[in-house]
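Spelled out from the first residue to the last, the chains are:
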Amino acid sequence: MQFERTQYLDQLIRKKDNGRIKIITGLRRCGKSYLLFNLYRQYLLSSGISADQIVELALDEIDNAKYRNPFELNKVVKERMPDKSKRYYVFIDEIQFVTEIQNPYVDDPKEKLTFIDVVLGLMKIPNADIYVTGSNSTMLSSDILTQFRDRGDEIRVNPLSFAEVYERYQGDKRNAWRDYYTYGGMPLVWSMETHEERSRYLQDLFSRTYIKDVLERHQVKNDAEVLELLLNVLASGIGSLTNPSRLSNTFASEIHIRVAPDTIDTYIGYFQDAFLLQKAERYDVKGRKYIKTPVKYYYSDPGLRNARLNFRQLEETHLMENVLYNDLVRRGFNVDVGVVEQNTKDDSGRNIRKQLEVDFVINRGDERYYIQSALSVADPDKRTQEIASLIRIPDSFRKIVVVKDYMKPWKDENGIQYIGIEDFLLDEGLIRG
């Protein structure tokens, strides 16, 4: 099954010939190479670029192994751009395979040549437009733009959105939502037909790819078991507030392994760098300030989350929240977890301060929205509970409850909008009313 990945293709098209390196990053196996070597290449050809103007090198292929040497890579790319009157488009896949070597022109043994030096050098060629992808230990790093000294434009590719899957879904589309929150958006999953094939593929991605990358990048030698257990604990607790100290206590009390909070914090950082996990900070809506801890963690793909737990904990309420978070991030919003303080009195008249949660406070430019995720609000008491935080927010920005129910969008007497999850994910304009 082929997906058009229009959002990311459009970004590449807009950045074409802008004089900067285009750096395609994201979770391994989410479609970066396909985007560049298939979709974008076809766009260039259809716009009049000839095939000999496209220089393609996949460094993970054995036939190209010698080009992992920085000097050989630099040489071959320049050889494939012989005509200075032509514009060339250089695609280098798996750039992290370039070997770090001693710089032969300086005496300092610490002075190394890396893929960064090669790409920055190629960028200076006036008739070259440079594109790179990478997907293991070196390139799966959130500091990639810093490594390129702010001379690159990042295109962050995410797993398939629900809208992308829905458009190509084969079968009764009433089952699309269930299958999406179960198997997620890794493209290859959707070319498989059975649960056994999909679950095995997702589980193998962890054992053979993601865990291996983290171990190699960060040289974690003796804690592979702890890394895997931590992923499981976080998978069980998506949508729950936590912090390294709480997680350390969980390891001690439930798994009977002592892991220091600082170690847990470091390992979570590794997963974030690998784009496996994303963190949502807490934001005090009335106080207009961030609360340092606790926070929430979400998996970048719900199918990968479910694979960690052998598809045993498919609680739709938590998975729906995770899918919403991912989709809002994909749309370019900054997403936080909101807190609204409420002062009440108990039966004896004593003051009680409660913290009510807003699932998501989202911002993009001058836009702001408050969003709650709920399976259903058909019961009046449940609806009152879900909107308790929203009605106490003292501003006029839109407030939305996204529900699982199939229904026409409507507003209540408080001006709060109710939208079904599938409509919300399929129509990005609904958020604006």
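Structure's up top.
Conventions we followed
- Residues numbered from 1 in each chain as written.
- Predicted model: local features only at pLDDT ≥ 70, side-chain atom pairs only at ≥ 80, totals over all residues.
- Heavy atoms only, no water.
- Helix = DSSP H or I, 4+ residues; strand = E, 2+ residues; numbered from the N terminus.
- Contact = heavy atoms within 4.5 Å.
- Pairing = 2+ DSSP bridges.
- Axes fitted to C-alpha atoms, helices over the stretch in contact; angles between N-to-C directions.
- Parallel < 35°, antiparallel > 145°, perpendicular 65-115°, else oblique.
- Nonpolar A, V, L, I, M, F, W, Y, C, P; charged D, E, K, R; others polar.

**Student:** Explanation requested: the environment of Arg29 in the structure shown.
**Tutor:** With respect to the secondary-structure elements, Arg29 resides in the loop between strand E1 (21-26) and helix H2 (32-46). Residues Arg29 and Asn326 lie 297 residues apart in sequence; the distance between their C-alpha atoms is 17 Å. With sequence-adjacent residues up to four places away left out, Arg29 is seen in contact with Met186, Pro187, Tyr201, Leu205 and Tyr210.

**Student:** Honestly, the pairing of strand E11 (residues 351-364) in this entry has me stumped. Any pointers?
**Tutor:** On a regular strand, one side chain projects to one face of the sheet and the next to the other, so that they alternate. Strand direction decides the pairing type here: strand E10 (residues 334-345) and E11, joined by 11 bridges, are antiparallel. Of the residues in E11, the one forming a bridge with Lys345 is Asn351. Linking E10 back to E11 in an antiparallel pair, the connection comprises five residues, with Gly349 at a positive phi of about 90°. Of the pairings in the sheet, the one linking E11 to strand E12 (residues 367-374) comprises five bridges and is antiparallel in character. In the strand pairing of E12, Asn363 is matched with Arg368. Between E11 and E12, which pair antiparallel and follow one another directly, the connecting turn spans two residues, one of which, Gly365, has a positive phi of 60°.

**Student:** Even after reading the chapter, I still don't get the packing of helix H9 (residues 224-236) against helix H10 (residues 244-255), so can you show me in this structure?
**Tutor:** Packed helices, taken two at a time, are described by the angle between their axes plus the distance between the axes. Between H9 and H10, the least distance of the axes is 11 Å, while the angle of their chain directions is 105°. Classified by the angle between their axes, H9 and H10 sit roughly perpendicular to one another. Contact residues: Val226, Leu229, Leu230, Val233 and Leu234 in H9; Leu247, Thr250, Phe251 and Ile255 in H10. In the contact of H9 with H10, the residues fall into eight nonpolar, one polar and no charged.

**Student:** Hey, could you run me through the sheet that holds strand E14 (residues 410-411) in this one?
**Tutor:** Strands pair in a sheet through their backbones, by hydrogen bonds, and they do so in one of two ways: parallel or antiparallel. In spatial order, the strands read E9-E8-E10-E11-E12-E13-E15-E14; together these eight strands make up an open sheet with mixed pairing. Either end of the sheet is taken by a strand with one partner, and the two such strands are strand E9 (289-299) and E14. The sheet contact formed by strand E8 (residues 277-284) and E10 spans three bridges and is parallel. Bridge pairing in E10 links Arg282 to Val337. Contacts from helix H14 (residues 380-387) reach E12, strand E13 (398-403), E14 and strand E15 (417-420) within the one sheet, and its direction differs from that of E12 by about 145°.

**Student:** Honestly, the packing of H9 against helix H11 (residues 261-273) in this entry has me stumped. Any pointers?
**Tutor:** Between H9 and H11, whose axes approach to 11 Å, the crossing angle comes to 80°. If you check the angle between H9 and H11, you find them roughly perpendicular. Across the interface between the two elements, Val226, Leu227, Leu230, Leu231 and Leu234 from H9 touch Ile264, Tyr267, Ile268 and Phe271 from H11. Per-class residue counts for the contact of H9 with H11 are nine nonpolar, no polar and no charged.

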